[in-house]
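Inside the fold
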Amino acid sequence: PAPDLAPAPAPAPVPAPAPEAATVQTVIGTPTVIDTSTLDFDGRRVRLAGVVGEGGRFASDMNSYIGGREVACVPFADAAHRCEVGGYDLSEVVLFNGGARATGDAPDDLKAAESRARQERVGLWAGH
């Protein structure tokens, strides 16, 4: 006689992503700099984590730094991204060079980059 086979259990349902997670995605491309905390990838805006952006010459300098290279941005927190270009974290680069201020909730590495710019009196901190 054939053994009794129990039906296989149904696979567990895959939970739907949280609404916030569904809208925050990895973005890769060559952006246009809106300000030193905002990049535009063909109409898709990406905000850099931990950065309060500046416009004007600081945005222009950041655009020159990117120089048409590909930027990869991964979700971080609060719909913001950590973006990398040429092996460097863009949030850290802009803060290190005094092109922006760190947000109050910025990670320690970004606060340290701003602190270094203040100490060296570069960018926003020149003349302070």
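Look up: the structure comes first, before these words.
Below: a short report on this structure. (Residues numbered from 1 in each chain as written. Predicted model: local features only at pLDDT ≥ 70, side-chain atom pairs only at ≥ 80, totals over all residues. Heavy atoms only, no water.)

For the chain, the helix and strand inventory stands at four helices and nine strands. Mapped in sequence order, the helices and strands of the chain form the string α-β-β-β-β-β-α-β-β-β-α-β-α. With 128 residues in all, the chain has 37% of them scored as buried. Of the contacts formed within the chain by residues at least 6 apart in sequence, a portion of 54% connects residues at least 24 apart. (Helix = DSSP H or I, 4+ residues; strand = E, 2+ residues; numbered from the N terminus. Buried < 20%, exposed > 50% of the residue type's maximum accessible area, 1.4 Å probe, protein only. Contact = heavy atoms within 4.5 Å.)

So, on to the nonpolar core. It is characteristic of soluble globular proteins that their nonpolar side chains tend to be buried jointly. In this structure, Leu-39, Met-62, Val-71, Cys-73, Cys-83, Leu-90 and Leu-95 are the most contacted members of the largest nonpolar core, which totals 22 residues. Where this core is concerned, the elements lending two or more residues are strand S3 (38–41), helix H2 (56–66), strand S6 (71–75), strand S7 (81–85), helix H3 (90–96) and helix H4 (108–120). Among all residues touching Cys-73, those that are not within four sequence positions of it are Gln-25, Thr-26, Val-27, Leu-39, Phe-41, Val-46, His-81, Arg-82 and Cys-83. (Core = buried A, V, L, I, M, F, W, Y, C linked by side-chain atoms within 4.5 Å.)

Let us look at the sheet that holds S3. Strand order in the open sheet made by the three strands is S2-S3-S4, with antiparallel pairing throughout. A single partner strand is all that each edge strand has here, and the edge strands are strand S2 (32–35) and strand S4 (44–47). Neighbour-to-neighbour, the strand axes of this sheet turn through a mean angle of 30°, independent of strand direction. Here S3 runs beside S4; their pairing, made up of four bridges, is antiparallel. Residue Thr-38 lies in a different strand from S4, and its bridge partner there is Arg-47. Contacts between H2 and the sheet are confined to S2 and S3, with S2 contributing the most and set at about 155° to the helix. (Pairing = 2+ DSSP bridges. Axes fitted to C-alpha atoms, helices over the stretch in contact; angles between N-to-C directions.)

With that settled, the discussion passes to the pattern of salt bridges. Working definition: two side chains of opposite charge can pair if their charged atoms are close together. Enumeration over the complete set of coordinates arrives at five salt bridges. Close ionic contact of Arg-101 with Glu-54 constitutes a salt bridge, the shortest N to O distance being 2.8 Å. With Arg-101 in strand S9 (residues 101–102) and Glu-54 in the loop between strand S5 (51–52) and H2, this pair connects stretches of sequence that are 47 residues apart. Among the residues examined, Arg-101 registers a relative accessible area of 33% and is labelled partly exposed. Where salt bridges share partners, they join Arg-82, Asp-89 and Asp-109 into one cluster. (Salt bridge = Lys/Arg side-chain N within 4 Å of Asp/Glu carboxyl O.)

Time to look at H4. Compared with an ideal rise of 1.5 Å per residue, which puts 13 residues at 18 Å, H4 spans 18 Å between its outermost C-alpha atoms and is within 8% of the ideal. Of all the residues in H4, the buried ones are Leu-110, Ala-113, Glu-114 and Ala-117. The buried side chains of H4 occupy one side of the element, clustering within an arc of 95° when seen end-on. Turned more than 90 degrees from where H4 packs its buried face, Asp-108 and Gln-119 sit exposed. Each element contacted by the buried residues of H4 is listed here: S7, strand S8 (88–89), H3 and S9. Looking one or two residues past H4, Arg-121 carries a phi angle of roughly 55°, positive in sign. (Expected span 1.5 Å × (residues − 1). Arc of directions from axis to C-beta.)

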